[in-house]
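Descriptive analysis of the structure
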Amino acid sequence: MQSALRLIYPPRCVSCGDTVAQDFALCLPCWGQTPFAAGLVCDACGTPLPGQDSGQPEYCDACLTRPRAWTRGRAALVYADNARKLVLALKHGDRTDLARPAAVWLLRAARPVLMPGMLVVPVPLHRWRLVRRRYNQAALLSAGLARAAGLDHCPDLLIRPHATPILDGLGAEARFAALDGAIAVHPRRRDRLAGRTVLLVDDVMTSGATLEAAACACLAAGAVEVRIAVLARVAQNL
Ligand SMILES: [Zn+2]
Ligand SMILES: [Zn+2]
């Protein structure tokens, strides 16, 4: 039955649609054009760094310049080339099927910063944006990651009480100012946070302003520590 189904519906590359050997995989050319964040990476945001991994935590210039409210973080992809295309398809293109392979890549990248008993939480969308887009791509990723890692998931822990302006084109300082206090813990979910370490999940990290607002909200409401996992990190020098 399985093999008959595979004849009728052969596995397709999640990026270009060519046939591949395995379900939920990239074909070889697409894989080659998708920059995974491998090797030595910033211990706070997952940006690839030059040099060899010596086992000591190292940090990128952005995280050294602006200490983060969270302690550690990883990114699965560098936001460029085919990775950018996949992230945009998940976000705007109704390609919710991409969340499945993306959660696998996210789990692989985030392993070093995972801890038993963590609470996995997506960065929220404002409800108007959620209505327009119909799904929160960060919540699809966090659900897949929590399931695969065997961790608790709380998709509605964080809320955006006010609609925040579109941040595209703004510099880092303007982004941090616009998002200060923009994210809050849902009043009925506060009890889930006490004494726990939170893993915040988002699709893209640019300046880190959104993650900073989310991390500060968690810490203010009683979380002991916040770590982050993002699908793609925008490299600063791009
Ligand atoms: Zn392909
Ligand atoms: Zn960094």
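See above for the structure.
Residues numbered from 1 in each chain as written. Chains lettered and ligands numbered in written order. Predicted model: local features only at pLDDT ≥ 70, side-chain atom pairs only at ≥ 80, totals over all residues. Heavy atoms only, no water.

Coordination of the zinc ion (ligand 1) by the protein is provided by Cys13 (SG), Cys16 (SG), Cys27 (SG) and Cys30 (SG), with metal-donor distances spanning 2.3 Å. Around the zinc ion (ligand 1), the 4 donor atoms sit at angles spanning 103 to 115°, and that spread fits a shape best called tetrahedral. Going along the chain, you hit the donors of the zinc ion (ligand 1) in the pattern C-x2-C-x10-C-x2-C. Residue Cys13 is classed as buried on the basis of its relative accessible area of 4%. (Donors = N, O, S within 2.8 Å, 3.2 Å for Na, K, Ca; no water. Tetrahedral: all angles 85-135°; square planar, octahedral: opposite > 155°, others 65-115°. Buried < 20%, exposed > 50% of the residue type's maximum accessible area, 1.4 Å probe, protein only.)

With 12 residues, helix H5 (residues 99–110) extends 15 Å between its outermost C-alpha atoms, agreeing within 8% with the 16 Å of an ideal straight helix rising 1.5 Å per residue. Most of H5 sits inside the fold, with 9 of its 12 residues counted as buried. Turning to H5, the residues buried within the fold contact strand E1 (72–78), helix H4 (81–92), helix H7 (137–149), strand E6 (197–205) and strand E7 (225–233). (Helix = DSSP H or I, 4+ residues; strand = E, 2+ residues; numbered from the N terminus. Expected span 1.5 Å × (residues − 1). Contact = heavy atoms within 4.5 Å.)

With respect to the helices, strands and loops of the structure, Arg227 is situated in strand E7. Taking the relative accessible area as the measure of exposure, Arg227 reaches 10% and is therefore buried. Side-chain polar atoms of Arg227 contact the side chain of Glu225, separated by 2.8 Å. Setting aside its immediate chain neighbours within four residues, Arg227 contacts Trp70, Thr71, Arg72, Val113, Met115, Met118, Val198, Leu199 and Leu200. (Polar contact = N/O pair within 3.5 Å; in protein donor to acceptor, adjacent residues only side chain to side chain.)

Bound to the zinc ion (ligand 2) on the protein side are Cys42 (SG), Cys45 (SG), Cys60 (SG) and Cys63 (SG), at distances that span 2.3 Å. All donors of the zinc ion (ligand 2) come from a single chain, and their spacing in sequence reads C-x2-C-x14-C-x2-C. Of this pair, Cys45 sits in the loop between helix H2 (28–32) and helix H3 (61–65) while Cys60 sits in the loop between H2 and H3, and the two are 15 residues apart along the sequence. Given a relative accessible area of 3%, Cys60 falls into the buried group.

Within this structure, the stated rule accounts for 9 salt bridges. Between Glu225 and Arg227 there is a salt bridge, and its shortest N-O distance comes to 2.8 Å. Overlapping salt bridges, with partners in common, bring together Asp43, Arg72 and Arg74 in one network. (Salt bridge = Lys/Arg side-chain N within 4 Å of Asp/Glu carboxyl O.)

According to the stated counting rule, one finds 2 aromatic pairs in the structure shown. Between the aromatic rings of Phe36 and Trp105, the centroid separation amounts to 5.4 Å while the plane-to-plane angle is 85°, which identifies the pairing as edge-to-face. Of the two residues, Phe36 sits in the loop between H2 and H3 while Trp105 sits in helix H5, which places them 69 residues apart along the sequence. Exposure remark for Trp105: the relative accessible area of 8% places this residue in the buried category. Aromatic rings pair up to connect Trp31, Phe36 and Trp105 into one cluster. Just above the ring of Phe176 sits the side chain of Arg66; from NZ or CZ to the centre is 3.8 Å. (Phe/Tyr/Trp six-rings, centres within 6.5 Å; stacked < 30°, edge-to-face > 60°. Lys NZ or Arg CZ within 6 Å of the ring centre and 35° of its normal.)

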